[in-house]
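Read off the chains here:
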Amino acid sequence: MKKKRIVSGMRPTGKLHLGHLHGALLNWKKLQEEFDCFYFIADWHALTSEYAHPDIIGESTYEIVIDWMSMGLDPERSTFFVQSDLVEHAELHLIFSMITPLPWLERNPTYKEQLQELSQKNVSTYGFLGYPVLQAADILMYKANGVPVGEDQAPHVELTREIARRFNHLYGPVFPEPDTLLTPTSKLLGLDRRKMSKSYGNSILLSEADDEIDRKVSRMITDPQRARKDDPGDPDVCNVFSFHEIYTDADTVKRIDGECRAAEIGCVACKKLMAENLKKGLAPIKEKRKELEADMARVRDIVADGNARARAIAKETMNEVRRAIKIVN
Ligand code: TRP
Ligand code: SF4
């Protein structure tokens, strides 16, 4: 039986952190067992907000592919590609832009939110408004059945479905409507208890050096109500505890839970223990990264291979699209 296909992308704006790992990548890894996966570097999407300082985009493209492979995404099972290597995406984006009513884009909640959040970047551009149109091109190009994304991206998949429907209605059935495969939100927060994000400077990288992990964990905010060591703490609201739940063995987690509530363990000791376990947990990922860094030719081959696989499909879709809109030469 043919596997169903899924497509998802990541914007290359630096090396990946634990928010990416637990909020997306581990899910992507699991999905490899069931689906024909297309995972790509959305560098044009990064350009919509980073256009004034695009260096980071090119610099982090391969870093991210290395992060992917280090944590267990498998290029034998999944197709990795780079959006900007497939100009077909730009062509499909252009064609979709003809049929996408402006109000669909203007009322998009993610757009409205980002306009405010990125206020220092001036994203009142044509390209930024059209962000979901480009995303629809990424997804529909491969006639994906599903799109694994977090909550914040769900409106974009909904828009993709609307664009597919409108295209099919105008020109005949070409595109399936993809399902949203919602990734459960990760409990892990950044060092300061806000969402982990590079722009907040509160993240821990997959490739973080051990001494940096020590330093970062030591400045993590714990239960904000717990001012002194003899105050009882509440693990349920403590981000350090959320890390323990992932990186520490179940018996120890249970012990910490009790000791924290009874004020028998202090946050400094608790963090030290967590940092040790986090370092152990990330060690295999960092080991794999080292191997890959020593063989960049192989990494480049993998991306070139993935690009070629993606291109074969993209060319077919574009032929179909050109025939559907009756602009064929
Ligand atoms: N917009 C997505 C994000 O910021 C990245 C992305 C671009 C994407 N194209 C996509 C995700 C297609 C899924 C499918 O996370
Ligand atoms: Fe959090 Fe551990 Fe401090 Fe409890 S002891 S508040 S779990 S860091």
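Preceding this section is the structure that the text describes.
Residues numbered from 1 in each chain as written. Chains lettered and ligands numbered in written order. Predicted model: local features only at pLDDT ≥ 70, side-chain atom pairs only at ≥ 80, totals over all residues. Heavy atoms only, no water.

Focus: the nonpolar core
Here is a general trend for soluble globular proteins: nonpolar side chains tend to be buried in one another's company.
Argument step 1. Core analysis: the largest hydrophobic core is formed by 49 residues, its most contacted members being Leu18, Leu25, Tyr39, Trp68, Phe243 and Leu278.
Argument step 2. Top contributing element to this core by residue count: helix α13 (residues 267–293), with seven residues.
Argument step 3. Counting contributing residues per domain, this core is built from domain 1 (5–188 + 296–324) and domain 2 (208–289), each supplying no fewer than three.
Argument step 4. Non-local contacts of Leu18, meaning those with residues more than four positions away in its chain, are made with Gly23, Met196, Ile204, Leu206, Phe243, Tyr247, Leu278 and Leu282.
Argument step 5. With 42 residues, the next largest nonpolar core counts Leu86, Phe96, Ala137 and Met141 among its residues. (Core = buried A, V, L, I, M, F, W, Y, C linked by side-chain atoms within 4.5 Å. Buried < 20%, exposed > 50% of the residue type's maximum accessible area, 1.4 Å probe, protein only. Helix = DSSP H or I, 4+ residues; strand = E, 2+ residues; numbered from the N terminus. Domains from an automatic or database assignment. Contact = heavy atoms within 4.5 Å.)

A short note on the side chain of Asn239
Argument step 1. By the element assignment, Asn239 lies in helix α11 (residues 239–247).
Argument step 2. Since its relative accessible area comes to 2%, Asn239 is described here as buried.
Argument step 3. In this structure the side chain of Asn239 is engaged in a polar contact, spanning 3.0 Å, whose partner is the backbone nitrogen of Leu189.
Argument step 4. At 3.0 Å, the side chain of Asn239 and the backbone oxygen of Gly190 are in polar contact.
Argument step 5. Those residues in contact with Asn239 that lie beyond four places of it in its chain are Lys187, Leu188, Leu189, Gly190, Met220 and Ile221. (Polar contact = N/O pair within 3.5 Å; in protein donor to acceptor, adjacent residues only side chain to side chain.)

Details of the pairing of strand β2 (residues 36–41)
Argument step 1. Most of β2 sits inside the fold, with five of its six residues counted as buried.
Argument step 2. Taken together, the six bridges between strand β1 (residues 5–10) and β2 define a ladder with parallel strand orientation. What sits directly across from Met10, in β2, is Ile41. (Pairing = 2+ DSSP bridges.)

Quick word on the site of ligand 2
Argument step 1. Looking at ligand 2, the residues that line it are Thr222, Asp223, Arg226, Cys238, Val240, Phe241, Cys260, Ile265, Cys267 and Cys270.
Argument step 2. Among the secondary structure elements, those contributing two or more residues to the shell around ligand 2 are α11 and α13.
Argument step 3. Here the residues of the shell around ligand 2 sort into seven nonpolar, one polar and two charged. (Near = heavy atom within 4 Å. Nonpolar A, V, L, I, M, F, W, Y, C, P; charged D, E, K, R; others polar.)

Concerning a negative patch on the surface
Argument step 1. The grouping of Glu113, Glu117, Glu151 and Asp152 at the surface amounts to a negative patch.
Argument step 2. Counting through the fold element by element, Asp152 comes out in the loop between β4 (146–149) and α9 (154–171).
Argument step 3. Looking at Asp152, the relative accessible area reads 41%, which means it is partly exposed. (Patch = residues over 30% accessible without salt bridge, like charges linked within 9 Å, V, L, I, M, F, W, Y side chains within 5 Å. Areas by Shrake-Rupley, 256 points an atom, 1.4 Å probe, with all protein chains shown as cover. Salt bridge = Lys/Arg side-chain N within 4 Å of Asp/Glu carboxyl O. Lys, Arg positive; Asp, Glu negative; His and termini not counted. Charge placed at Lys NZ, Arg CZ, Asp CG, Glu CD.)

Digging into the site of ligand 1
Argument step 1. Every one of the 14 residues lining ligand 1 counts as a neighbour, but Arg11, Tyr131, Gln135, Asp138 and Gln153 are closest to it.
Argument step 2. Interatomic distance of 3.0 Å between a side-chain N/O atom of Gln135 and a nitrogen atom of ligand 1.
Argument step 3. Contact distances for ligand 1 include 2.7 Å between a nitrogen atom and a side-chain N or O atom of Asp138.
Argument step 4. Relative to its free-state accessible area of 360 Å², ligand 1 is covered by the protein chains to the extent of 92%.
Argument step 5. If you list the elements that add at least two residues to the shell around ligand 1, you get β1, α8 (131–140) and β4.
Argument step 6. The element that contributes the greatest number of residues to the shell around ligand 1 is α8, accounting for four residues.
Argument step 7. In terms of residue class, the shell around ligand 1 is made up of seven nonpolar, five polar and two charged.

So, unusual backbone geometry
Argument step 1. The backbone phi angle of Asn122 is positive, close to 50°, even though this residue is not glycine.
Argument step 2. In this structure, Asn122 sits in the loop between α6 (109–117) and α7 (126–129).
Argument step 3. Relative accessible area serves as the criterion here: at 45%, Asn122 is assigned to the partly exposed category.
Argument step 4. Although it is not a glycine, Lys143 sits at a positive phi angle of roughly 45°.

Quick look at the pattern of salt bridges
Argument step 1. Per the counting criterion, the structure on display carries 28 salt bridges.
Argument step 2. Across the pair Glu50 and Lys121 runs a salt bridge whose closest N-O atoms are separated by 3.0 Å. Of the two residues, Glu50 is situated in helix α2 (residues 43–50) and Lys121 in the loop between α6 and α7; the sequence distance between them amounts to 71 residues.
Argument step 3. Using a relative accessible area of 29% as the deciding quantity, one classes Lys121 as partly exposed.
Argument step 4. Where Asp231 meets Arg228, a salt bridge forms, and the shortest distance between an N and an O atom there is 3.3 Å.
Argument step 5. Judged by relative accessible area, Asp231 falls into the buried class, the value being 17%.
Argument step 6. Taken together, the shared-partner salt bridges connect Glu158, Arg161, Arg165, Glu177 and Asp179 into one network.

Thoughts on the side chain of Gln135
Argument step 1. With respect to the helices and strands, Gln135 occurs in helix α8.
Argument step 2. Its relative accessible area of 9% is what places Gln135 among the buried residues.
Argument step 3. Of note is the side chain of Gln135, whose polar atom sits 3.1 Å from the side chain of His156.
Argument step 4. In contact with Gln135, other than residues within four places in its own chain, are His45, Gln153, His156 and Thr160.

Points about the environment of Pro101
Argument step 1. Mapped onto the secondary structure, Pro101 falls in the loop between α4 (88–99) and α5 (102–106).
Argument step 2. When the C-alpha atoms of Pro101 and Leu278 are compared, they prove to be 48 Å apart, with 177 residues separating the residues in sequence.

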